[in-house]
Amino acid sequence: MVPLQLVVILFAAAAGLAVVLARDIVRQAILFSLYGFALVVLFVVLQAPDVALSALAVSGIAYPLVLVSAIARVRARDKRGRE
Amino acid sequence: MSRTVRLTMVGVSLAGFAALLAWGVADLPSFGHYPGPYGDLIVKLVQPQRHMANAVTAVVFDYRGFDTMGEELLLFAAASALALLLRETREDEVEDIREPVLSDAIRGGGLLASIVTLVVGLYVVAHAFITPGGGFQGGVVLAASLAFLFLAIEYQRWGKVAHSSIMEPVEAFGAGAYVALGLIALASGLAFLENFMELGVFGRLSSGGSAILLNLASALAVAGGFLVIFGECLQENVGARHGSRTNR
Amino acid sequence: MSILPYLLAVWLVAIGLYGIVSSRNLIHLAVCVSVCQSGTYVLLLAIGYKDRGTAPIFSDVPASRRAVDPVVQALTLTDIVVAVAISALLLSLALKAFDHHGSLDPAEMADLKG
């Protein structure tokens, strides 16, 4: 196993742990994007460029948009409920 | 039982579960020594048999086209279910909301990003069988280009472009066209989803036969599905922040 | 050392499951489900890898070059795109549960107990 693969695997493991242990959901959304980026690098190193392309588009744009819009909507309803 | 006791029990049992899984994967062929004949066979045959350069999209749209049809219909079902769940924020609640974009940098950057992403998305969809790319990746990038447009213009105007009455037919057309292409193959005497067009010259944009049409259909379906999802999420968001004062 | 990628997949599934069980917020739970799913992507791609293999795209590489398995890559790439749509559905279910109960904490949703 090439040393580059070893480093990327360890980085992905650490990023995954950080995502699960994050308690504030906005912080978790940003950490999830970072974890997605770690996975993209892992997929490129495992010689899978198609998978890396789809993981990049998804974890960079689609998933954060849906996640942050859900968080913002919850916070807005919460604030209006308390008014 | 208290939360700490519950979490300790879960921790212990998850450790046991992980140990069991680790014992299971230790028996796999060691990393780097893929043994199976199927992958090697496809790599050897994709150029002479199918005139395609990208073996992965050849598997997605040609060798295993049936599985891709299942995935696409799954995406269609998920987008429809989401639209159904979030339909309560009706159109008239968000009709009069004006949210002008205040920063010129965001407006300019959003427009630039939108145009660049649109071109990249079209490139990725078109070059499915030559370079890494395909309908699924390109569809997400095309949906992302319209999401960047939301940053640049306010929600009112964006809602007219990415309205669900435009995007839902696009998505339905993509999913339906995929199945219809399979039925066309069936009607011309071949198997369902088998190739029924000229295979073309290797390395050109026109290589691949009817898998090109399957690629375009799935790009439309994925882009439409994601735009339905984005549209519903953003409409829900805008409605919650400014909408009518009805409280549950 | 040669089973390390498989162990990464096992690790991601295990911590994803722990995140799901210990979560106090439905949105946090949805993200942990995604982490759990990505463990399976890593497992699939690690199985198909060949030492010194190249990506299975032959536009400028002769077809006699050693290449990694394209079938598992095909499975993974459609899976990633569809999983996002399903996570969006899960998040909208969380939003509806929040509307109904007033909180995102699974422990406070007394109707779901028992």
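Reading the values: rules and limits
Residues numbered from 1 in each chain as written. Chains lettered and ligands numbered in written order. Predicted model: local features only at pLDDT ≥ 70, side-chain atom pairs only at ≥ 80, totals over all residues. Helix = DSSP H or I, 4+ residues; strand = E, 2+ residues; numbered from the N terminus. Buried ≥ 20, exposed ≤ 12 C-beta atoms within 10 Å, placed from the backbone. Contact = placed C-beta atoms within 7 Å. Axes fitted to C-alpha atoms, helices over the stretch in contact; angles between N-to-C directions. Left-handed = near helix turned anticlockwise from the far one by under 90°. Nonpolar A, V, L, I, M, F, W, Y, C, P; charged D, E, K, R; others polar. pLDDT = per-residue confidence, 0-100.

Undergrad: Just to check I follow, could you spell out the overall build of chain B for this structure?
TA: The helix and strand tally for chain B stands at 10 helices and zero strands. Along its sequence from the N terminus, chain B presents helices and strands in the succession α-α-α-α-α-α-α-α-α-α. Judged by the C-alpha coordinates and their principal axes, chain B covers about 65 × 60 × 40 Å. The buried share of chain B, taken over its 248 residues, is 41%. Within chain B, contacts between residues at least 6 apart in sequence are counted, and of these 75% link residues at least 24 apart.

Undergrad: Would you explain the packing of helix α7 (residues 135-152) of chain B against helix α10 (residues 211-242) of chain B in this entry?
TA: Between two packed helices, the angle of one axis relative to the other and the distance separating the axes together describe the packing. Residues and elements named next belong to chain B. The geometry of α7 relative to α10 is characterised by a closest axis approach of 7 Å and an angle of 35 degrees between their N-to-C directions. As α7 runs across α10, the sense of the crossing is right-handed. Together, G135, F136, G138, G139, V140, L142, A143, L146, A147 and F150 of α7 and N215, L216, S218, A219, V222, A223, F226, L227, F230 and L234 of α10 make up the contact between the two elements. Here the contact of α7 with α10 is built from residues that sort into 15 nonpolar, five polar and no charged.

Undergrad: Before we go on, may I ask you to explain the confidence of the model for chain A in this structure?
TA: Atom-level detail of predicted coordinates should not be read off regions where pLDDT is low. For chain A, per-residue confidence averages 92 on the pLDDT scale, and 98% of positions sit at 70 or higher. Element-level mean pLDDT values for chain A span from 89 in helix α3 (residues 49-82) of chain A up to 95 in helix α2 (residues 25-45) of chain A.

Undergrad: What should I look at first to understand the interface of chain A and chain C in this one?
TA: Interface extent is often summarised as the accessible area lost during association of the parts. Listed per partner, the contact involves 32 residues of chain A and 38 residues of chain C. Here the element with the most residues in the side of chain A that touches chain C is α3(A); it accounts for 14 residues. When grouped by side-chain class, the residues that make up the side of chain A that touches chain C number 26 nonpolar, four polar and two charged.

Undergrad: What exactly am I supposed to notice about unusual backbone geometry here?
TA: Across the chain, the bulk of peptide bonds are trans and the bulk of non-glycine residues have phi less than zero. Its identity as a non-glycine residue notwithstanding, Q47(A) has a phi of 60 degrees, on the positive side. As for its position among the elements, Q47(A) is in the loop between α2 and α3. Under the C-beta neighbour-count criterion, Q47(A) is labelled buried, with 22 such atoms within 10 Å. Backbone geometry places L193(B), a non-glycine residue, at a positive phi of 65 degrees. Take L193(B): it is sitting in the loop between α9 (164-187) and α10. Taking the number of C-beta atoms within 10 Å as the measure of exposure, L193(B) has 24 and is therefore buried.

Undergrad: Help me understand the interface of chain C and chain B in this model?
TA: Residue-level contacts link 40 residues of chain C with 49 residues of chain B. Contributions of two or more residues to the side of chain C that touches chain B are made by α1 (4-21), α2 (26-48) and α3 (70-101) of chain C. Element by element, the count of residues in the side of chain C that touches chain B is highest for α3(C), at 16 residues.

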